[in-house]
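Next come the chains, spelled out residue by residue.
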Amino acid sequence: MQDSFLFFTASDGQRGQQLWKTNGTSEGTLLVTNNNAISGVGSILAKLSDTLFFLPSMVLGEELWITDGTNEGTRFVKDIAPGQFGSNPRNGIIYKNKFYFNASDATSGSELWRSDGSLNGTVCGKDIAPGSSSIPYNLTVHNNELFS
């Protein structure tokens, strides 16, 4: 992924909200992916090095995806909450080379998760409220520590 690109979501009137990139020119404004599994892009969550974490709209629920800015480098990370609703990842922030975010699964509810962009590197960081949901939000870094 090149830092000279700005990533954004837009609709071309045919595919719904999708992930695009631009270098500021008409010729350099390109659709990132034409993956049929993605029916739209809900939000861009964060950028870590050469990886952009984003949340597409899915037929079977919202889950975490990543891209390196190419169609070939755009992929699903992990099915945190299988089913029609998905894990609904939100409120992401980069901290110590990991992406931290709020997501829900059937075991822990809505808790703090972290990802390095890989299947095995995407885990529940801490079940803060066992038996219920802690719903961490407003994640922020201050004095090299992560707060919610």
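In this report, the structure presented in the accompanying data block is examined. No experiment lies behind these values; they were computed from the predicted model shown.

Reading the values: the criteria
- Residues numbered from 1 in each chain as written.
- Predicted model: local features only at pLDDT ≥ 70, side-chain atom pairs only at ≥ 80, totals over all residues.
- Heavy atoms only, no water.
- Pairing = 2+ DSSP bridges.
- Helix = DSSP H or I, 4+ residues; strand = E, 2+ residues; numbered from the N terminus.
- Axes fitted to C-alpha atoms, helices over the stretch in contact; angles between N-to-C directions.
- Salt bridge = Lys/Arg side-chain N within 4 Å of Asp/Glu carboxyl O.

1. Some words on the sheet that holds strand 8 (residues 90–95)
Spatial ordering of the open sheet is given by 8-9-10-11, a layout of 4 strands whose pairing is antiparallel. Taken across any chain shown, the strands that pair with only one partner, and hence form the sheet edges, are strand 8 and strand 11 (122–126). Direction aside, the axes of adjacent strands within the sheet are offset by 40° on average. Pairing of strand 8 with strand 9 (residues 98–105), which is carried by 4 bridges, proceeds in the antiparallel orientation. Each bridged residue has a counterpart across the sheet, and for Arg90 the counterpart in strand 9 is Asn102.

2. Overview of the pattern of salt bridges
Under the definition given, this model contains 1 salt bridge. Of the charged contacts in the structure, one is a salt bridge between Glu62 and Arg90, with a shortest N-O distance of 3.0 Å. Placement of Glu62 in the loop between strand 5 (51–57) and strand 6 (64–67) and of Arg90 in strand 8 is noted, with a sequence separation of 28 residues between them.

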